[in-house]
Structure formats: C-alpha cells, structure tokens
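Analysis of the macromolecular model
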Amino acid sequence: MPIPAASEQLDAFRAAQRLAYDCAAAIAAELRPGMTEREAAGRMKAWAEDHGVRDWFHEPFAWFGDRTAFRGLIAVKALRGFNPAFLPGFRRLEEGMPFILDCAPVVGQAVADIGYAGALGFNPVVEQLLDDLMAHRALIVERVSAGDSMAQVSRAVDALCRRQGVEPRHHAYPFNVLAHRVELLPGGPSRFSVAQFGLRAIRALRTQVAEGKSAGWSPLWSSAETSDHPPVPGLWAVEPHLGFRDTGAKFEELLVIREDGSAHWLDDDLPHVRRWAARQQQKAA
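Notes on the structure in this doc start here. Remember, it's a predicted structure, so these values are computed and weren't measured experimentally.

**Some points on the overall build of the protein chain**
Helices and strands together make up the secondary structure of the protein chain, namely 6 helices and 14 strands. Compactness check: the protein chain gives a C-alpha radius of gyration of 18 Å against a globular reference of 19 Å for 285 residues, within 12% of the reference. The dimensions of the protein chain, computed from C-alpha atoms along their principal axes, are 50 × 45 × 40 Å. Nonlocal contacts in the protein chain, meaning residues at least 24 apart in sequence, comprise 72% of its contacts between residues at least 6 apart. Here the protein chain has roughly 12,600 Å² of accessible surface; of this, 55% comes from carbon and sulfur atoms. Seen as two clouds, the 32 positive and the 35 negative side-chain charges of the protein chain have centres 4 Å apart.

**Here's the deal with the state of the cysteines**
Going through the model one piece at a time under the given rule, you end up with 0 disulfides. Here Cys103 stays free of any disulfide, with the sulfur of Cys23 as its closest cysteine sulfur at 4.7 Å.

**Describing the packing of helix H3 (residues 124-145) against helix H4 (residues 150-164)**
Interhelical geometry of H3 versus H4 gives an angle of 150° and a closest axis separation of 10 Å. Taken together, the axes of H3 and H4 are roughly antiparallel relative to one another. The chirality of how H3 crosses H4 is right-handed. Residue-level inspection shows Asp132, Ala135, His136, Leu139, Ile140, Arg143 and Val144 of H3 in contact with H4, the latter providing Val153, Ala156, Val157, Leu160, Cys161 and Gln164. Residues of the contact of H3 with H4, tallied by class, amount to 9 nonpolar, 2 polar and 2 charged.

**Describing the sheet that holds strand S5 (residues 167-168)**
Spatial ordering of the open sheet is given by S5-S11-S12, a layout of 3 strands whose pairing is antiparallel. With one partner strand each, in any of the chains shown, S5 and strand S12 (247-250) form the two edges of the open sheet. Here strand S11 (residues 241-244) runs beside S12; their pairing, made up of 4 bridges, is antiparallel. Bridge pairing in S12 links Phe244 to Thr247. Here H3 sits on the sheet and contacts S11 and S12; the angle it forms with S12, its principal contact strand, is near 35°.

**Considerations on the packing of aromatic side chains**
A complete count under the given rule lists 12 aromatic pairs for this structure. Note on Phe86 and Tyr173: the rings are 6.4 Å apart at their centroids and 40° apart in plane angle, and the pair reads as tilted. On the criterion of sequence distance, the pair formed by Phe86 in the loop between strand S1 (55-64) and strand S2 (98-107) and Tyr173 in the loop between S5 and strand S6 (179-182) is long-range, its members being 87 residues apart. The burial state of Phe86 is the same as that of Tyr173; both residues are buried.

**Considering the pairing of S12**
Moving residue by residue along a regular strand, the side chains alternate between the two faces of the sheet. The alternating pattern of S12 places Thr247 and Ala249 on one face and Gly248 and Lys250 on the opposite face, and all of these are buried. Counting the residues in the hairpin turn of S11 and S12 gives 2 residues, including Arg245, whose phi is positive at 55°.

**Observations concerning unusual backbone geometry**
Although it is not a glycine, Ala195 adopts a positive phi angle of roughly 50°. Residue placement: Ala195 occurs in the loop between strand S7 (193-194) and strand S8 (197-198). Here Ala195 falls in the exposed class, since its relative accessible area comes to 53%. A positive phi angle, near 55°, is found at Arg245, a position not held by glycine. One can find Arg245 in the loop between S11 and S12.

Parameters and conventions
- Every chain is numbered on its own, with residues counted from 1 as its sequence reads.
- A pLDDT threshold of at least 70 governs which residues receive local features in this predicted model, and a stricter bar of 80 or more applies before side-chain atom pairs are shown or counted, although totals over entire chains, interfaces and linings include all residues.
- Note that water and hydrogens are dropped before the side-chain values are worked out from all heavy atoms of the structure.
- A run of DSSP states H or I qualifies as a helix once it reaches four residues; a run of E qualifies as a strand once it reaches two. Both are numbered from the N-terminal end.
- It is over C-alpha atoms that the radius of gyration is taken, and the globule rule equals 2.2 Å times the number of residues to the power 0.38.
- Pairs of residues are marked as contacts when any of their non-hydrogen atoms sit within 4.5 Å.
- Using the Shrake-Rupley algorithm and a 1.4 Å probe, accessible areas are obtained, with residue cover drawn only from the displayed protein chains.
- In summary, the charge assignment counts Lys and Arg as positive and Asp and Glu as negative, without counting His or the chain termini.
- A single reference atom marks each charge: NZ on Lys, CZ on Arg, CG on Asp, CD on Glu.
- Whenever a pair of cysteine sulfur atoms sits within 2.5 Å, that pair is classed as a disulfide.
- Angles here are taken between N-to-C directions and fall from 0 to 180 degrees, while the axes themselves are lines fitted to C-alpha atoms, restricted in helices to the stretch in contact.
- Oblique is the label for any angle not covered by the other classes, which are roughly parallel (under 35 degrees), roughly antiparallel (over 145) and roughly perpendicular (65 to 115).
- Each crossing gets its handedness from the near helix: less than a right angle anticlockwise from the far helix is left-handed, clockwise is right-handed.
- When residues are grouped by polarity, Ala, Val, Leu, Ile, Met, Phe, Trp, Tyr, Cys and Pro land in nonpolar, Asp, Glu, Lys and Arg in charged, and all others, Gly among them, in polar.
- When DSSP finds at least two bridges between two strands, those strands are taken to pair.
- Ring pairs are drawn from Phe, Tyr and Trp, using the six-membered ring of Trp, whenever the two centres fall within 6.5 Å, and their geometry is named by plane angle: stacked under 30 degrees, edge-to-face over 60, tilted for the rest.
- The rule is simple: take the accessible area with a 1.4 Å probe, protein chains only, and divide by the maximum for that residue type; under 20% is buried, over 50% is exposed, in between is partly exposed.

In structure tokens form, the structure reads like this:
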C-alpha cells in the first residue's frame, strides 16, 4: 500500500498519534510510588477506550526501572524477541525510577505507535538520554533524505549511540527493529488479539512481510541485510531506544518517506520535541 496521498489520511494518522501521546502523558501524570506496570498499562487502556479507541496495533506496555533498558528476562532473544517478559508486569514504581509508556491504538483505520519516557521525579540519567535522543531524530531524517539504504540509516543510529556512550536497546525488540511499517488497516475493529497485538494488525503485518519479500524490501527496519534497500515510501513508526546501564529512554513516532525519497516527521508538536525546544530556550536565556 503506497503512502496515503490525501492529506486527510495523513491527518487521520496525526490525530491517532496525538491521541496516543495524550494518553501516555495523562497516565504519566498519574504515576505514583508503588504503582505496578500492569496498573499503569491498564490505566492507559481505559483512558484510550474512554476516548473512542476500539482496536489496537498493540495494547499498552509499561516498563519501570531496569526494564526500561531491557535488562534481565526482558532481554532474552528466544523466539526472535517475542518474549512474554515484554508484557507489563508487577514491577513497582519508586521515586526517581525511570519509566517508559508505549501504546499503539487504532483510530478508525489509522495506526499510531508511540513511546513516552520519563522518571518519577528527577533522574539525571533519564534527562541525559532524553537530550541524546534529539540528535537521533535529526539524523534519521537527514540520512533517509540523503538516499542511504534503510540498513545504513539504522547503522548510523547505532554508530551515534556508540559516540554518545549509550547502547541501542531497540536491538532487543523482536527482529532487532529500529522501526516498522504502518499502513491503513482494512476492515473494522476486531475484539481478538494475540499476546496483546490486535488480530487486524497481525494480518496486515503478515501481508506487508509477504508483499515486501516479493518486492525486495522489509517492513521491519533494522541494521540487518534485510533492510539493505532504498527507503520505501510510506509511514514508519520509528523508535530509537537508548540505554545506559540500568536506565533506558526512547521516543516513537511516525516518519513520512515521500515518493522522491525525502523524509519528514509527521508531527513536530509532540512532548519530546517540545521538551527539546524548552531546553534550548533555557540554554539560550
């Protein structure tokens, strides 16, 4: 499926993404010491459903403490990374502890997939990782627009991580992905899911994998040879995830790759972008 040509279709993806970020920000404001990952994820799901979400690409995830850097069982790579430890657990939040909230609602036929990172109170490592992510957002657009292969872009992200002294923890995701393809989902909402991934989304992803394989590209964007092809026009949910020791932070948002190979982020009015702007204004003052 090509990039949605009509501006109203891109508007639908933008609206879905803003709803997802509004959801994460609302629940982040409710986080308190002693709350478990399951409680946080449950609140996100309830908030989204109260705001009209009836289907999911994947239901909300919440990771606290060292699980934000994918340490321990969550890092096990069996089954190509499809690890039950990814699911929200009973880890309880503590003062100063890092957290990541991740959700992927389907609004109509538009999919969003977002990641919202922070800490309960002040955490200097989280602050530094969030600062470091700004360079990754710029790098990804720059390298895609320059015509690098999608694998080369992902490897450039890995190299920037090394220069920053952090680890690219998105390599712990299934298939080691930096990003995955997002398209309009055909049909109506489904009540069924597998491992918290919506059935409609799983069917669409299987179709994308088959179509991509026959055309010589992969909907699962990583540093591997399977992504050693030119940038594929369309929408991609991109999620650089940085780790330093037992702390992790990420953003995830939709990147638009145009037919001419150039790229831009779908929306610049997002929490992490506003945070960087505020930080730069503070430094300039």
